[in-house]
Amino acid sequence: MGCCNRRCGLLAGAVFGALLAVLGGILIPAGNSIIEGTVKKEAVIENGTTAYDNWVSTGAAVYRQFWFFDVTNPVEIVENGATPVVVQRGPYTYKTRYLPKENVTFTNFTVTFLLPLGAIFEPSMSVGPEEDHITVLNLAVAGVYLSIQAEIRLIKSTNSSLFQRRSVKELLWGYYDPMLKVTTGLFSPYNGTYDGPYTVSTGEDDIANVGKILSWRGEESLTFWDDKYCNMINGTDASSFAPFVDKRKPLYFFSSDICRSVSASYEDSLDLKGIKVYRYTLQPNTLAAPNVNPDNQCYCRDPKVTKNCTMAGVLDISSCQGNKPIYISLPHFLYGSPSLRESVLGLSPSPEHHDTFMDVEPITGFTLRFAKRIQVNMMYGPSKVITVLKQVKDYTIFPIVWLNETAALDHETADMFKEELFSRVETLEVLQLSLLGIGVSIFVLCFTMYCVVRCRHSPGKFV
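Anyway, here's the lowdown on the structure attached to this text. Quick caveat, the model's predicted, so the values are computed rather than measured.

## Focus on the state of the cysteines
(1) Moving on: Counted under the stated rule, the structure contains three disulfides.
(2) Moving on: There is a disulfide in this structure between Cys259 and Cys320, and the S-S distance comes to 1.9 Å. What sets the handedness of the Cys259 and Cys320 disulfide is the S-S torsion sign, and at about 75 degrees it is right-handed. Here Cys259, found in the loop between strand S12 (251-255) and strand S13 (260-272), pairs with Cys320, found in the loop between strand S15 (314-316) and strand S16 (326-329); they are 61 residues apart in sequence, far enough to count as distant.
(3) Moving on: For Cys259, a relative accessible area of 2% puts it in the buried group.
(4) Moving on: In this model, Cys300 is linked to Cys309 through a disulfide, with the two sulfur atoms separated by 1.9 Å. Handedness of the Cys300-Cys309 disulfide follows from its S-S torsion of about -85 degrees: it is left-handed. Cys309 matches Cys300 in its accessibility class, with the two residues each being buried.

Below you can see the structure in the form of structure tokens.
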């Protein structure tokens, strides 16, 4: 009787262990479903979600750092046609994107808003004050180079030079130009202005579309490029993407700074303050010449300047900058080739310091760290009627400044992120594995003991 009870107990223990193991196995897909549901719910842009709190106002501080290209030989360039020599000066740092979105309006699974612009100088993060003076290309002269003859006569009548010396503050945010008789500057006007309005998907009806830009400035596509493909607005604003990121697929985003959509591809997996992130960088063909990437043909607006559209790493955005000859480039792309480096001396681009990247947390799709590196250039060329351009031998895309807009998750936010998301995920995973492990152990132990006991008390059989 005791033997029977022992065997029954061991058998019951084995069954119990099996049930625990099965429960642990069931919890794996069930737990994953719970996690997925929770993440998707919190990723929707609506009042009260984690996504909304991070979307309506940037959690991490965003800074724009500027490095100017100070021209050391302006007289020799104008009088003798010498090769320009520049020295990089910076950073001059400003805090940006510190204002929450305005005019936020929800309608039918979409939200419309304005992005207010502002910049606050950060002396402790800069090499000098805003009043530091830099010698750069004369923005007004370059700005009217391709304009009508009446404006060209302005250059001659006002005796304007090809280069000018102005303060950092003036060059960035504006100064009164005596030739044009208006305020001009690289980013003028900026403070007190807005980007947008934007209309984006909240993701409530389809989480795969969360943050996707549906329209900008009231239009579903751009009007800057003479092509349907180039005028497409694709993806989000890069601050976040749909949850459960597949690193095998590129991420698409629209940047109003460069007036076009771009894509980034997975490069590596990194650890950011204890959080696993995917590093994405711009795809190599983003600003490739059309003979390398035919999709970029519609971005080539002036074959004469771009060597019959064979120049890589440069984007003519004059069509969205009031027809000023402004060219945006990725620093290490444009002046990475020896022939272009020879046109302006003193440049030393490197992917480490000039690459644009995003570090995206793959479960939520939130961008937790980024660096957007853009170089601002202006174009000028030879002229028989403008005295300051008579010695210029060829069209020159001249570097003015390059900027690094960057933000990173701070330790406090990282701890909160890990506590609210990963602690729950890890707890559930531990529970799943514990039930599975304990259940299998109990089952194996009890079943083994049951077999041993049964063998001991069974009559032997001999042949």
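## Concerning the pattern of salt bridges
(1) Moving on: Following the criterion strictly, the structure yields ten salt bridges and no others.
(2) Moving on: Linking Asp70 and Arg89 is a salt bridge whose minimum nitrogen-to-oxygen distance equals 3.2 Å. Here Arg89 lies in strand S2 (residues 86-96) and Asp70 lies in strand S1 (residues 62-71), a separation of 19 residues in the sequence.
(3) Moving on: With its nearest N and O atoms 2.5 Å apart, the salt bridge here joins Asp257 to Lys372. Pair noted here: Asp257 is in the loop between S12 and S13 and Lys372 is in strand S18 (residues 367-380), with a separation of 115 residues, a long-range link.
(4) Moving on: Accessibility expressed as a relative area gives 15% for Lys372, which makes it buried.
(5) Moving on: Members of the salt-bridge network, linked through shared partners, are Arg64, Arg97, Asp257, Lys372 and Glu405.

## Observations concerning the sheet that holds strand S3 (residues 102-107)
(1) Moving on: Spatially, the four strands line up as an open sheet ordered S3-S4-S10-S11, and their pairing is antiparallel. One side of each edge strand has no neighbouring strand; the edge strands of this open sheet are S3 and strand S11 (213-216). On average, each strand axis in the sheet is tilted by 20 degrees relative to the strand beside it, whichever way the strands run.
(2) Moving on: Here S3 pairs with strand S4 (residues 110-116) via four bridges, running antiparallel. Note on S4: the bridge partner recorded for Phe106 is Val111.

## Observations concerning the pairing of strand S6 (residues 133-137)
Consecutive side chains along a regular strand alternate between the two faces of the sheet.
(1) Moving on: Buried residues dominate S6, accounting for four of its five residues.
(2) Moving on: Here S6 runs beside strand S7 (residues 163-167); their pairing, made up of five bridges, is antiparallel. Bridge assignment links Leu137 to a residue of S7, and that residue is Phe163.

## Some remarks on unusual backbone geometry
(1) Moving on: Here the amide bond leading from Ser188 into Pro189 is cis, since omega sits at -5 degrees, within 30 degrees of zero.
(2) Moving on: Following the sequence through the fold, Pro189 ends up in the loop between strand S9 (182-184) and strand S10 (194-201).
(3) Moving on: Geometrically, the link from Gly196 to Pro197 is a cis peptide bond, its omega value of 5 degrees lying close to zero.
(4) Moving on: If you trace the backbone, Pro197 turns up in strand S10.
(5) Moving on: Notably, Phe244 is not glycine yet its phi reads approximately 60 degrees, a positive angle.
(6) Moving on: Here Phe244 lies in the loop between S11 and S12.
(7) Moving on: Residue Phe244 is classed as partly exposed on the basis of its relative accessible area, which comes to 36%.

## Here's the deal with a negative patch on the surface
(1) Moving on: Residues Glu46, Glu204, Asp205 and Asp206 make up a contiguous surface patch of negative charge.
(2) Moving on: Look at Asp206 and you get partly exposed, because its relative accessible area is 34%.

## Focus: the side chain of Ser201
(1) Moving on: On the secondary structure map, Ser201 appears in strand S10.
(2) Moving on: Polar contacts involving the side chain of Ser201 include one to the main-chain amide nitrogen of Gly203, which spans 3.2 Å.
(3) Moving on: There is a polar contact of 3.4 Å between the side chain of Ser201 and the backbone oxygen of Asn209.
(4) Moving on: With near-sequence residues (within four places) excluded, Ser201 lies in contact with Ile45, Phe109, Thr110, Asn209, Val210, Gly211, Lys212 and Leu214.

About the cut-offs
Residues numbered from 1 in each chain as written. Predicted model: local features only at pLDDT ≥ 70, side-chain atom pairs only at ≥ 80, totals over all residues. Heavy atoms only, no water. Disulfide = S-S within 2.5 Å. Helix = DSSP H or I, 4+ residues; strand = E, 2+ residues; numbered from the N terminus. Buried < 20%, exposed > 50% of the residue type's maximum accessible area, 1.4 Å probe, protein only. Salt bridge = Lys/Arg side-chain N within 4 Å of Asp/Glu carboxyl O. Pairing = 2+ DSSP bridges. Axes fitted to C-alpha atoms, helices over the stretch in contact; angles between N-to-C directions. Patch = residues over 30% accessible without salt bridge, like charges linked within 9 Å, V, L, I, M, F, W, Y side chains within 5 Å. Areas by Shrake-Rupley, 256 points an atom, 1.4 Å probe, with all protein chains shown as cover. Lys, Arg positive; Asp, Glu negative; His and termini not counted. Charge placed at Lys NZ, Arg CZ, Asp CG, Glu CD. Polar contact = N/O pair within 3.5 Å; in protein donor to acceptor, adjacent residues only side chain to side chain. Contact = heavy atoms within 4.5 Å.

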